[in-house]
Amino acid sequence: MIAVMILFGILGGAGALMVVTLVRRGRGRRTDTVEGLLLEQEALRQARHDRVSYGAAAVHNSVPTASDTYSRRSGRP
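Scanning all chains against the criterion turns up one salt bridge. With a shortest N-O distance of 2.7 Å, Arg45 and Glu42 are connected by a salt bridge. Taken together, the positions of Arg45 and Glu42, both in helix H2 (residues 34–53) and three residues apart, correspond to about one turn of that helix. Taking relative accessible area as the criterion, Arg45 reaches 40% and is therefore assigned partly exposed.

The next thing to look at is the confidence of the model for the protein chain. Close inspection of predicted coordinates is inappropriate in any region flagged by low pLDDT. A residue-level look at the protein chain finds 61% of positions with pLDDT of 70 or above and a mean pLDDT of 77. Across the protein chain, element-level confidence peaks in helix H1 (residues 2–27) with a mean pLDDT of 91 and bottoms out in helix H4 (residues 70–73) with 49.

Our next topic: a nonpolar patch on the surface. A grouping of Val4, Leu7, Phe8 and Leu11 is seen on the molecular surface, where their side chains present a nonpolar patch of about 400 Å² in accessible area. Assignment of secondary structure puts Val4 in helix H1.

Each value, and the rule that gives it
Residues numbered from 1 in each chain as written. Predicted model: local features only at pLDDT ≥ 70, side-chain atom pairs only at ≥ 80, totals over all residues. Heavy atoms only, no water. Salt bridge = Lys/Arg side-chain N within 4 Å of Asp/Glu carboxyl O. Helix = DSSP H or I, 4+ residues; strand = E, 2+ residues; numbered from the N terminus. Buried < 20%, exposed > 50% of the residue type's maximum accessible area, 1.4 Å probe, protein only. pLDDT = per-residue confidence, 0-100. Patch = residues over 30% accessible without salt bridge, like charges linked within 9 Å, V, L, I, M, F, W, Y side chains within 5 Å. Areas by Shrake-Rupley, 256 points an atom, 1.4 Å probe, with all protein chains shown as cover.

Now the structure itself:
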C-alpha cells in the first residue's frame, strides 16, 4: 500500500512539475518591439502560404501519368 502511495506521489509530483514548466514557458515568449511583431507576422504569412502551396490538394491535384510513382504504389510492376 505504501509503495502505491509513493508511486502516485512521484507521478503527481512529475505532473505538477510539467504544468509549472509549461505555464512559466508561455509568459516570457512575447514580442514587444515593432520589428519583432513585423517579423512574427511575416513568418506567419510565409507559413500560411507554405501550407497552401505544399498541401496535399496542391501537390496531388494532377492526374497521375505512367511515369509517376503513383502507379507503382498499387503493387503493379
